[in-house]
Amino acid sequence: MEHAHAGHTRDSSRGSSEGLGSLAEMLDLDSEITRPYWDEVTRWIEQAIPTNVRRIADLGAGTGNGTFALARRFDHAEVVAVDASDEMLERVREKALDRGLAERIKTVQADLDTDWPETGLVDLTWASMFMHHLTDVDGALQRIHAATRHGGLIVIAEFANPPRFLPDDLGFGKPGLEGRCIEAFKRERLRSLPGFGLQWGRPLDRAGFSAIEERVFDLETDSTDPDRLARYGRLWLERVSSAAAPHLSSDDLSALKELLADIGPHSLQARNDLHMRGSRVVVRAAK
């Protein structure tokens, strides 16, 4: 998810405590619902890293989806979760305590556009839905390269296709509403975030990385818990529609209001046809 599903907290819609709370809930649901993706992507990373992984940096960690997935995969490594929001990092610390991982999970609060964290040398840097929020991508990649041990990796995950949950024909309103929201969301992000949609090969090469590989991971689930899937879809669609609203018709805005209502015949919670599908593109490169 735009970690917003980076830091996750760079988006202006994340400024309030309420906004951060809904973002944190969405990130936690993402971790639960897309667990197969996290298992698959960390396995793909493990196959490419020749060194003994001692320290990992998770940039734009949010509530720790990547932090804990990587801690599971590399079970002797220290993981440093970095985010601009101490509220998010407090959630990481609480989870680490609950899971018996407090000795291995460290947190660092930093705005990576202005300040580089003291992580020490790392064997792996993970940046999920984060790098497009930075204003100086080349500078950040150069700093990551400098902080990476020889043989280590950087791995960047971004949207290939943002998640969708709804059928094209909702049974009310004009068909294709979710698609129009997604396209408007992407246009707004392209306008406001210089790194959104960036092809990472050349920037990684300029920073000194090599052996650059890219893979698309599909995300698809009906979920065995429809209420949880509906809640996840609602939180995501709220974020998307907030960015997309200026580009949508009054009819589309009215349909969205019905979809996002707490109750009602057209609300997401009342539907039995939700199906999540999307994909993420993940790029790995070596020093």
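Predicted, not measured: the structure shown is a model, and the values here were computed from it.

A.B. asks: Help me out: how do you make sense of the packing of aromatic side chains in this one?
C.D. replies: Between two aromatic rings, the relevant description is the distance of the centres plus the angle of the planes. Following the criterion strictly, the structure yields eight aromatic pairs and no others. Each residue in the set Tyr37, Trp38, Trp44, Trp126 and Phe217 is aromatic and connected to the rest through ring pairs, giving one cluster. The aromatic ring of Tyr37 is capped on one face by Arg280, whose charged end is 4.9 Å from the ring centroid. Across from the ring centre of Trp44, 4.0 Å away, lies the NZ or CZ of Arg284, which sits over that ring.

A.B. asks: Is there a simple way to explain the sheet that holds strand 4 (residues 122-128) in this structure?
C.D. replies: Where strands meet in a sheet, backbone hydrogen bonds hold them as pairs that are either parallel or antiparallel. Across the sheet, seven strands lie side by side as 3-2-1-4-5-7-6; this open sheet has mixed pairing. Sheet topology places strand 3 (105-109) and strand 6 (210-221) at the edges, where each strand pairs with a single neighbour. Recorded for the sheet is a direction-independent mean angle of 20° between the axes of neighbouring strands. In this structure, strand 1 (residues 55-59) lies alongside strand 2 (residues 78-83), joined through five bridges in parallel fashion. Counterpart to Ile56 in the pairing with strand 2 is Val79.

A.B. asks: So what exactly am I meant to see when it comes to helix 5 (residues 137-146) here?
C.D. replies: One full turn of an α-helix is made of 3.6 residues, so residues set three or four places apart face in the same direction. Within the sequence span of helix 5, burial applies to Val137, Gly139, Ala140, Leu141, Ile144 and His145. Looking at the buried positions of helix 5, the neighbouring elements they touch are strand 1, strand 4, strand 5 (148-164) and helix 7 (201-207).

A.B. asks: I'm lost on the side chain of Asp123 in this one. Help?
C.D. replies: Considering the arrangement of structural elements, one finds Asp123 in strand 4. Take Asp123: its relative accessible area is 0%, and that puts it in the buried class.

A.B. asks: Looking at this structure, how should I read helix 2 (residues 35-48)?
C.D. replies: In this model, helix 2 (14 residues) spans 21 Å end to end at C-alpha, consistent with the 20 Å of a helix rising 1.5 Å per residue. Listed as buried for helix 2 are Tyr37, Trp38, Val41, Thr42, Trp44 and Ile45. Summarising the axial view, the buried residues of helix 2 lie within an arc of 150°, below the 170-degree limit, and thus occupy one face. Seen from the buried face of helix 2, the exposed residues on the opposite side, beyond 90 degrees, are Pro36 and Gln47.

A.B. asks: Help me out: how do you make sense of the pattern of salt bridges in this one?
C.D. replies: Opposite charge on two side chains permits pairing when their charged atoms draw close. As enumerated under the stated definition, the model contains 21 salt bridges in all. For Arg231, the salt bridge is made with Glu25, and the minimal N-O distance between the two is 2.9 Å. Here Glu25 lies in helix 1 (residues 17-33) and Arg231 lies in helix 8 (residues 226-244), a separation of 206 residues in the sequence. The exposure class assigned to Arg231 is partly exposed, which follows from its relative accessible area of 28%. The closest approach of N and O atoms between Asp252 and Arg180, which form a salt bridge, is 2.8 Å. Of the two residues, Asp252 is situated in helix 9 (residues 250-259) and Arg180 in helix 6 (residues 177-192); the sequence distance between them amounts to 72 residues.

A.B. asks: How do you make sense of the pairing of strand 2 when you look at a structure like this?
C.D. replies: In summary, the side chains of a regular strand alternate between the two faces of the sheet. Counting buried residues in strand 2 gives five out of six residues, a clear majority hidden from the surface. A crossover connection joins strand 1 to the parallel strand 2 through helix 3 (residues 65-73); in handedness this β-α-β unit is right-handed. Across five bridges, strand 2 lies against strand 3 in parallel orientation. Residue pairing across strands places Ala81 opposite Thr107, the latter belonging to strand 3. The β-α-β motif built from strand 2, the intervening helix 4 (residues 86-98) and the parallel element strand 3 has right-handed crossover chirality.

A.B. asks: I would appreciate a short explanation of the packing of helix 6 against helix 8 in the present structure.
C.D. replies: To describe two helices that pack against each other, one gives the angle between their axes and the distance between the axes. Close contact between helix 6 and helix 8 brings their axes to 8 Å; oriented N to C, the two are set at 60°. With respect to helix 8, the axis of helix 6 lies oblique. As for how helix 6 packs across helix 8, the hand of that crossing is left-handed. The segment helix 6 lies against helix 8, with Cys181, Ile182, Ala184, Phe185, Glu188 and Arg189 engaging Trp236, Val240, Ala243 and Ala244. Taken together, the residues that form the contact of helix 6 with helix 8 break down as eight nonpolar, no polar and two charged.

Calculation criteria
- Counting of residues starts from 1 at the beginning of each chain's written sequence and follows it residue by residue.
- Under the rules for a predicted model, residues below a pLDDT of 70 receive no local features and side-chain atom pairs below 80 are neither given nor counted, while totals for whole chains, interfaces and linings still include all residues.
- Excluding hydrogens and water, the side-chain figures rest on all heavy atoms present in the structure.
- Working definition: a ring pair exists when centres of Phe, Tyr or Trp rings (six-membered ring for Trp) sit within 6.5 Å. Plane angles under 30 degrees give stacked, over 60 give edge-to-face, the rest tilted.
- By definition here, charges over rings are those cases where NZ of Lys or CZ of Arg is within 6 Å of the ring centre and within 35 degrees of the ring normal.
- Here, a strand pair is defined by DSSP locating no fewer than two bridges between the strands.
- Think of it this way: any DSSP run of H or I at least four residues long counts as a helix, any run of E at least two long counts as a strand, and we number them from the N terminus.
- Each axis is a line fitted through C-alpha atoms, and for a helix only the stretch in contact is used; angles between axes span 0 to 180 degrees, taken between their N-to-C directions.
- In this scheme, a residue with accessible area under 20% of its type's maximum is buried, one over 50% is exposed, and one in between is partly exposed, where area comes from a 1.4 Å probe on protein chains only.
- Note on contacts: a residue pair qualifies if any of its non-hydrogen atoms lie within 4.5 Å across the two residues.
- Expected span of a helix: the number of residues minus one, times 1.5 Å.
- This arc describes the spread of directions from the helix axis toward the C-beta atoms.
- The salt bridge criterion pairs a side-chain nitrogen of Lys or Arg with a carboxyl oxygen of Asp or Glu, the two atoms within 4 Å.
- Classification remark: right-handed applies to a crossover when, strands pointing away from the viewer, the course from the first strand over the helix to the second runs clockwise.
- Under this scheme an angle from 65 to 115 degrees is roughly perpendicular, one under 35 degrees roughly parallel, and one over 145 degrees roughly antiparallel; angles in between are oblique.
- Note: crossing handedness is left-handed where the near helix turns anticlockwise from the far helix by less than a right angle, and right-handed where it turns clockwise.
- Each residue gets one label: Ala, Val, Leu, Ile, Met, Phe, Trp, Tyr, Cys and Pro are nonpolar, Asp, Glu, Lys and Arg are charged, and the others, such as Gly, are polar.

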